[in-house]
Amino acid sequence: MKPEWELWAQEAKAEFPKANSALLPLLHRIQSQEHYLSEDTIRDVAVLLKLPVPYVESVASFYSLYYKNPVGKRIIHVCMGLSCALNGSDELMHHLEGKLGIQEGQTTPDGEVSLLEAECLAACNLAPVAQVNLRFVGPVTEDTADQLLTGEVKS
Amino acid sequence: MIRLTIDDREITVPEGTMVVDAAQELGIDVPIYCYHQALGPLGACRICLVQVEKMPKLVTACTTAVQEGMVVHTRGSAVDKGRQGVLEFLLINHPLDCPVCDKGGECFLQDYTFQYGSAAGRYDEPKIHKLKDAAINEFIIIDQERCVLCQRCVRFMGEYVGEEQLLLEGRGVETVVSTVSHQPMDSQFSGNVIDLCPVGALLSIPYRYKARPWNLERAESVCPHCPVACTTSVTSREGHVIRVEGRPIPGHDWGWLCDRGRFGYDFGYVEDRLLNAWLDGEITSAAESTRTIGSWLNDTLEQHGGDSVAFLVGGQQTMEEAYQIRRFADEVVGTSKVAVSRSVKGYLPLGLNGTFEDLDRADTIVYLGQDPYDAVPVVHLKVRDRYRDNPGLKVIGIGAYDLTRSTVPGDAFVLEPGEEAAFLAYTLAKVAASNPIIARLGEELGDFSPTFKGAKSEQEVETLGRQLLESEHLVLLWDGKDPHMESVLLALRGLREDVTAVLPTFGPANWRGFERAGIAVDYDRLEAFVEEAIQGKIHLLFSIGADLLRDYPDRERAKAALAAIDRVVSVGLFFPEQRELYHAVIPGAGWSEVDGTYTNMEGRMQVAKATVQPPGQSRPVRTYLGSWAHALKKSFVLEPEWDPFDHNAGDLIAKDALPEVQSVPKPARPAMKDGALRLVGTALVMEGGMPSEILQPRIPKYPGRISLADASRLGIGEPGGELGLRGQQGMISVMVAVDERIPQGVLVLPYGVVGSPLNQLGDGAVVEAVSLEEVSLR
Ligand code: SF4
Ligand code: SF4
Ligand code: FES
Ligand code: FES
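Residues numbered from 1 in each chain as written. Chains lettered and ligands numbered in written order. Predicted model: local features only at pLDDT ≥ 70, side-chain atom pairs only at ≥ 80, totals over all residues.

## A look at the overall build of chain A
Scanning chain A for helices and strands turns up seven helices and four strands. Listed N to C, the secondary structure of chain A is α-α-α-α-β-α-α-β-β-β-α in terms of helices and strands. Each principal axis of the C-alpha atoms in chain A carries an extent, and together these give about 50 × 35 × 25 Å. Within chain A, residue pairs in contact and separated by at least 24 positions form 53% of the contacts whose partners lie at least 6 positions apart. (Helix = DSSP H or I, 4+ residues; strand = E, 2+ residues; numbered from the N terminus. Contact = placed C-beta atoms within 7 Å.)

## Points about the nonpolar core
One finds Val20, Cys48, Cys153, Leu312, Val313 and Val488 of chain B to be the most contacted residues of the largest nonpolar core, which totals 228 residues. Ranked by the residues each element gives to this core, the list is headed by helix H8 (residues 319-333) of chain B, at eight residues. The residues touching Val313 of chain B, leaving out its near neighbours within four places in the chain, are Ala322, Ile325, Val338, Val340, Ser341, Phe514, Ile519, Ile544, Gly545 and Ala546 of chain B. Listed in part, the 18 residues of the second largest apolar core include Val113, Val129, Val137 and Leu148 of chain A. (Core = buried A, V, L, I, M, F, W, Y, C linked by C-beta atoms within 7 Å. Buried ≥ 20, exposed ≤ 12 C-beta atoms within 10 Å, placed from the backbone.)

## Description of the site of ligand 2
All names here are of chain B. In the region of ligand 2, 14 residues are neighbours, and Cys223, Cys226, Cys230, Cys258 and Gly261 sit closest. Contributions of two or more residues to the shell around ligand 2 are made by helix H6 (259-263) and helix H11 (377-389). Grouping the amino acids of the shell around ligand 2 by side-chain chemistry returns 11 nonpolar, two polar and one charged. Composition of the shell around ligand 2 by domain shows at least three residues from each of domain 2 (122-268) and domain 4 (350-504). (Near = placed C-beta within 6 Å. Nonpolar A, V, L, I, M, F, W, Y, C, P; charged D, E, K, R; others polar. Domains from an automatic or database assignment.)

## A closer look at the packing of helix H1 (residues 3-14) of chain A against helix H2 (residues 23-34) of chain A
All names here are of chain A. Packing of H1 against H2 leaves a shortest axis separation of 9 Å and a crossing angle of 150 degrees. Considering the angle they form, H1 stands roughly antiparallel to H2. Between H1 and H2 lies a crossing whose hand is right-handed. When H1 is examined against H2, the residues Trp5, Trp8, Ala9 and Ala12 are found in contact with a partner set consisting of Pro25, Leu26, Arg29 and Ile30. (Axes fitted to C-alpha atoms, helices over the stretch in contact; angles between N-to-C directions. Parallel < 35°, antiparallel > 145°, perpendicular 65-115°, else oblique. Left-handed = near helix turned anticlockwise from the far one by under 90°.)

## Details of the domain arrangement of chain B
We note that the domain assignment places domain 1 (2-75), domain 2 (122-268), domain 3 (277-343 + 510-599 + 612-631), domain 4 (350-504) and domain 5 (677-776) within chain B. A C-alpha centroid distance of 37 Å is found between domain 3 of chain B and domain 4 of chain B.

## Points about the site of ligand 1
Lining the immediate surroundings of ligand 1 are 14 residues, of which Cys147, Cys150, Cys153, Cys197 and Ala201 of chain B lie closest. Of the residues that constitute the shell around ligand 1, the class distribution is 12 nonpolar, one polar and one charged.

## A closer look at the domain arrangement of chain A
Here the domain parsing of chain A yields domain 1 (3-62) and domain 2 (74-150). Distance between the C-alpha centres of domain 1 of chain A and domain 2 of chain A: 29 Å.

## Here we look at the environment of Leu134 of chain A
Mapped onto the elements of the fold, Leu134 of chain A is located in the loop between strand E3 (130-132) and strand E4 (135-137). The spatial distance from the C-alpha of Leu134 of chain A to the C-alpha of Leu96 of chain A is 17 Å, given a sequence separation of 38 residues.

## With respect to the sheet that holds strand E24 (residues 567-572) of chain B
Residues and elements named next belong to chain B. Pairing is mixed across the open sheet formed by seven strands, whose spatial order is E15-E14-E25-E24-E23-E16-E17. In this open sheet, the two strands that pair with only one neighbour each are strand E15 (282-284) and strand E17 (338-340). Each adjacent strand pair in this sheet contributes to an overall mean axis angle of 20 degrees, direction not counted. Note: strand E14 (residues 277-279) against E15, three bridges, orientation antiparallel. What sits directly across from Trp278, in E15, is Ile283. With respect to the sheet, H8 is in contact with strand E16 (309-313), E17 and strand E23 (540-544), its orientation differing from that of E16 by roughly 175 degrees. (Pairing = 2+ DSSP bridges.)

## A look at helix H15 (residues 485-495) of chain B
Summarising burial for H15 of chain B: eight of the 11 residues are buried, a large majority. Taken together, the buried positions of H15 of chain B are occupied by Met485, Glu486, Ser487, Val488, Leu489, Leu490, Ala491 and Leu492 of chain B.

## Structural notes on the sheet that holds strand E10 (residues 202-204) of chain B
All names here are of chain B. Strand order in the open sheet formed by three strands is E6-E7-E10, with antiparallel pairing between adjacent strands. Bordering the open sheet on either side are strand E6 (134-135) and E10, each of which pairs with just one other strand. Taken together, the two bridges between E6 and strand E7 (residues 140-142) define a ladder with antiparallel strand orientation. In the sheet register, Ala135 faces E7, and the bridge partner there is Ile141.

## Structural notes on the environment of Ser592 of chain B
All names here are of chain B. Turning to its location among the elements, Ser592 is positioned in the loop between strand E25 (584-587) and strand E26 (596-599). As a C-alpha pair, Ser592 and Phe267 span 325 residues in sequence and 11 Å in three-dimensional space. Once residues lying within four places of it in the same chain are set aside, the contact partners of Ser592 are Ser221, Val234, Val241, Gly268, Ala610, Thr611 and Val612.

## Considering the packing of helix H7 (residues 286-304) of chain B against helix H20 (residues 621-631) of chain B
All names here are of chain B. At a closest axis distance of 9 Å, the pairing of H7 and H20 adopts a crossing angle of 55 degrees. Of the possible angle classes, the one that applies to H7 and H20 is oblique. As for how H7 packs across H20, the hand of that crossing is right-handed. Contact residues: H7 offers Thr290, Arg291, Ile293, Gly294, Ser295, Leu297 and Asn298, while H20 offers Tyr624, Ser627, Trp628 and Ala631. For the contact of H7 with H20, the residue count by class is five nonpolar, five polar and one charged.

Laid out in structure tokens, this is it:
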């Protein structure tokens, strides 16, 4: 447990009448520092908010934007929703898998890039859509796909 | 009361009843997955859809409370279609692997699909795969693909037991049941999730691929491992017990079991199970041993008369067998010397004995000497159940260490070992000194005053005294160790206007039943037998289902007693300890092999059916008794069978008059040298029970427990270590670990741990730590 987490927990709790409401913001804040939520972190958060460990574990596993395993510095989400699927998100994913040499859900061995799938990102007009560190990119074409891996991120 | 109509039949039920339960009362089965009466409504699975007139849509019967004039239809095309839809969703990703699933044939997913589901799925897409056959502990595997996410297992562990060891992980179609931090579940109530799971997702490892439900037999039974005697159903196939399940009794018992009871059924098949008769250390035939023992009996009777023969009965026997033994002793042998092998000296008059219903109504529960979680696990669950209903429940632990635990929080009074009775007499005198009963109780206490480990003020003692006298429904769970406690309990009963119920948490499991069968169980009898044996007055002993060396509080005396008897015969499932002290050891039949009745700690008689044949040469006691009678050319007729039930009193043994209150003597505090430890014995069902290969991985490696302070002083680290101990009567070594509930200067050790006999040193003895080399040189 990092010393500042206690303070963060206090701050999160102060914003809500009940401790469990403070859970999501606190998890986000800690994840932004740690990049993911380890089992130890989950225990620490449970202690900080006086919540049962399984409760915190269930919540953390429910939301796909909480990472239970270490992720890369660049996180690429490819939308797998219907509109994107019709517009070729499968090929996009395969293309990226080939480029990175990893499978969906994995991180490159150098810890640089993680490739993840997402459900409909509510930007179907941009299908096929990807996100790089949560910033939208789309429509991604064959020509622009590789920019997801290297380019500056614009939205 | 509310009146409603279900499927054209009227019923009146209390307000707040759920439709599903009202239907159940009419004998109408509404399908359920997530609902369980002990857990309350959740509404997660939607299979219980029913139609209620004037309601626009189908409703879930488990979350809909009855209303006056409601008209419910539990069948019909709308309902069936609704259920069909629910099943279609449940089966989208189901692997449909029923042919290889242990639950097949007794699975609610199969049954309801057969009844309501469609014959084929409409879903062509590939199925989502999840973990199959993943062990969640030593006894249970999960098949996440078969799970219908009803959450019974999760809620049982978290809400009901209060040990949060399971959770739902993930979201949507990817949700799975898993263990906390993916660590194995270690609750001693873990096995109940197998019974609770309505589908084949949580399965028993030892029962795996052993049988299909249609080629096995089930028999009603009770668990033989502790005095709770939980109701069970025993599954057998081809003469082998292969499974034990809880057997709920509607309105009375939920059918929970602890893992000892559920998985410890293989004691009949372990390597040590006695299958042959032994005479003077050699295997012989059953006929030969019976003949020889018959001639010993004949000779002893001729030379020394009936009173030179004694019988010692242990906890494995049924009431009927106890009765047969007593009659054999009376009528064939002509001896009155029948004693029960025991570890503790206390006795509880039947008139004080409460029932589990008292726990359901209690406002104050007191643990005396023992944590029920360890000794009588399912009683802990019953207390927890009460605590869930009544969060104001007062729980008080009084003993040599902190007897409370977080699942049922309470107040702990931690005393010097063995001072519980004196402390209570002292406490009662504080609040009602003028009362003649209390004055009598305290006559010999002198200047006794308790010392507490962890501060307790005079004020708190007085509050306790008042709670004991004024609580509305008081239940005390007593470990039976200090015989003077009997008077304290009698005094409480005499003083209080409201209900005072005591539940004895001590064994042997069926002692109350032996009493009903006419065998006095008081410790004085056992003591008198040991004394007479040592004096050479006993020439032949039949030790039946007993093991004096293991049970009797003083091992050296037990040895001396057995050594002084000319012929010692043991009948049992296993070799007794130090078998060289026995001249004949013959294999007995036990639980699940003989029909019989057992009485539990409530004084309730319950029948356990035989379901398998005794293995090898082992035979029920009555067979041996018959052949010995024959050897004496005496008739011993056991027909008609004795019926232990008194048909007016029902299954509870009728109460008798209460004895007088006696005074409690001032406890002697032994001198303690620096660094000395006081031994405190306790009954633990896991550590101290019968051998079991299935349970082996769960049986704690470190049965002894000491405080952190003593552990660090003695160099015992994580997870535990071995400690040599020297007392006045010898030395033993014990595997110990830290338990934060134990105060400094105390070592808690279960009775009956193989290799670490507490009774070598004595319960309550002052011991000092010595090196292991010293112990091995002993
Ligand atoms: S494992 Fe069984 S009891 Fe647990 S949620 Fe799944 S179906 Fe229900
Ligand atoms: S509590 Fe006792 S009787 Fe019940 S299952 Fe456990 S060992 Fe058996
Ligand atoms: S389907 Fe991809 S954004 Fe909606
Ligand atoms: S049993 Fe009613 S919703 Fe599950």
